[in-house]
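Results of the structural survey
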Amino acid sequence: MDTIKMDKHEGHPGDKSVEEILVYGTVDELNELKSWLFNENIRVEAARNSVHQIEQKFVAERKQFQEEMKELNQKLVREKTRLKEDLAFFEKKMDILKSGFNQLDMDKRKLEKERLHFMAEKEAGMREVSYGRYDTVEYLFRGVSSLLSLKKRYKDLIKMFHPDNVAGDHEMVLVINKYYEKRRNEYDYGKQA
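For every chain, the first residue of the written sequence is number 1, and numbering continues from 1 along that sequence. It should be noted that, the model being predicted, local features are given only for residues of pLDDT at least 70 and side-chain atom pairs only at 80 or more, the latter also being counted only at that level, while totals for whole chains, interfaces and linings use all residues. With hydrogens and water stripped out, all remaining heavy atoms of the structure feed into the side-chain values.

1. So, the overall build of the protein chain
Stated formally: Helix numbering and strand numbering both begin at the N terminus, where a helix is a DSSP run of H or I of at least 4 residues and a strand a DSSP run of E of at least 2. We call a residue buried when its accessible area falls under 20% of the maximum for its residue type, exposed when it is over 50%, and partly exposed in between, using a 1.4 Å probe and counting protein chains only. We call two residues in contact when some of their heavy atoms are within 4.5 Å.
Helix and strand counts for the protein chain stand at 4 helices and 0 strands. Along the protein chain, helices and strands appear, N-terminal first, in the series α-α-α-α. Per-residue burial over the protein chain gives 13% buried out of 193 residues. In the protein chain, the proportion of contacts linking residues at least 24 apart, taken out of those at least 6 apart, comes to 42%.

2. Details of the pattern of salt bridges
Rules: Every case where a carboxyl oxygen of Asp or Glu lies within 4 Å of a side-chain nitrogen of Lys or Arg is listed as a salt bridge.
This model, assessed by the stated rule, comprises 9 salt bridges. Its salt-bridge partner being arginine 184, residue glutamate 181 comes within 3.0 Å of it at the nearest N-O pair. One end of the pair is glutamate 181 and the other is arginine 184, both in helix α4 (residues 170-192) and 3 residues apart, which spans about a single turn.

3. Section: the nonpolar core
This is how it is decided: As used here, the term nonpolar core means buried Ala, Val, Leu, Ile, Met, Phe, Trp, Tyr and Cys residues forming a set that is joined through side-chain atoms within 4.5 Å.
With 15 residues, the main nonpolar core has Val137, Phe141, Leu150, Phe161 and Ile176 as its most contacted residues. Leaving out residues up to four positions away in the same chain, phenylalanine 141 has contacts with Leu150, Arg153, Tyr154, Leu157, Ile176, Tyr179, Tyr180 and Arg183.

4. Regarding the side chain of glutamate 29
Here is the rule we go by: Between N or O atoms, a polar contact is any pair within 3.5 Å; within protein, one atom must be a potential hydrogen donor and the other a potential acceptor, and residues adjacent in sequence are included only when both atoms are from side chains.
As for its position among the elements, glutamate 29 is in helix α2 (residues 27-140). What makes glutamate 29 buried here is its relative accessible area of 14%. For glutamate 29, the side chain forms a polar contact with the main-chain nitrogen of threonine 26, separated by 3.1 Å.

5. Focus: helix α3 (residues 147-161)
The condition that has to hold: Multiplying 1.5 Å by the residue count of a helix minus one yields the expected span of that helix. It is the directions from the helix axis to the C-beta atoms whose arc is reported.
The first and last C-alpha atoms of α3 sit 21 Å apart over 15 residues, in line with the 21 Å expected at 1.5 Å per residue. Restricting attention to buried positions, one finds in α3 the residues Leu147, Leu150, Leu157, Ile158 and Phe161. Down the axis of α3, the sector holding all buried residues measures 100°, keeping them to one side. Exposed side of α3, more than 90 degrees from the buried face: Leu148, Lys152, Lys155 and Lys159 are the residues found there.

6. Observations regarding a nonpolar patch on the surface
The test is simple: Like-charged residues are merged into a patch within 9 Å and nonpolar side chains (Val, Leu, Ile, Met, Phe, Trp, Tyr) within 5 Å, provided each residue has over 30% relative accessible area and no salt bridge. For accessible areas, the Shrake-Rupley method is used with a probe of radius 1.4 Å. Any residue's cover is judged against the shown protein chains and nothing else.
A grouping of Leu87, Phe90, Met94, Leu97, Phe101 and Leu104 is seen on the molecular surface, where their side chains present a nonpolar patch of about 610 Å² in accessible area. Structurally, leucine 104 can be placed in helix α2. Its relative accessible area of 54% is what places leucine 104 among the exposed residues.

7. A short note on the packing of aromatic side chains
Rules: Aromatic pairs are defined between Phe, Tyr and Trp rings, using the six-membered ring for Trp, whenever the two ring centres lie within 6.5 Å; interplanar angles under 30 degrees are classed as stacked, those over 60 as edge-to-face, and all others as tilted.
Within this structure, the stated rule accounts for 2 aromatic pairs. Aromatic pair phenylalanine 141 and tyrosine 179: ring centres 5.0 Å apart, planes at 40°, arrangement tilted. Of the two residues, phenylalanine 141 is situated in the loop between α2 and α3 and tyrosine 179 in helix α4; the sequence distance between them amounts to 38 residues. No difference in accessibility class separates phenylalanine 141 from tyrosine 179, as the two residues are buried.

8. A few points about the side chain of serine 17
Mapped onto the fold, serine 17 is located in the segment before α1 (18-24). A distance of 3.0 Å separates a polar side-chain atom of serine 17 from the backbone nitrogen of glutamate 20.

9. Regarding the environment of leucine 157
Assignment of secondary structure puts leucine 157 in helix α3. Look at leucine 157 and you get buried, because its relative accessible area is 4%. Counting along the chain gives 15 residues from leucine 157 to methionine 172, while the straight-line C-alpha distance between them is 9.6 Å.

Below is the structure:
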């Protein structure tokens, strides 16, 4: 059998084995061994209880940790799901915005084409109106044969068509001014010749 080395401080004498003490030991050595074994038993039991408490604490902590991990994993799954939903929602919103901007750009181009077309039609219509008014102005200046009569007719026509009058026409005034300048230049050119 193995020898158990007992410390003298614990009350066991020397380096004798437990077997030797049991077989050859005195009553005092047996009592000392008994006392030492009792104290050792108490120490081992206390150590066992301490280990058992540490084990229970460890098991409880492990269980708590597992529950926390489970809860965190569930939370992580929920957050991932929410993030995917938010991302899908964001992409839908982005697609709607892109579609809206594309539609807005197409509408803008269409409106610009319509505006250019309208301006071209308006300009063509203005030319027709201007030419028609120009013919009217020629009729209004009919019979004018001198610079003096041209000026008098011009003043009378401007009074009639001035935009401040009830029947005023700004465009007609412009056409009258243009025609007057043309005729006056003709008279001035005729004088120089």
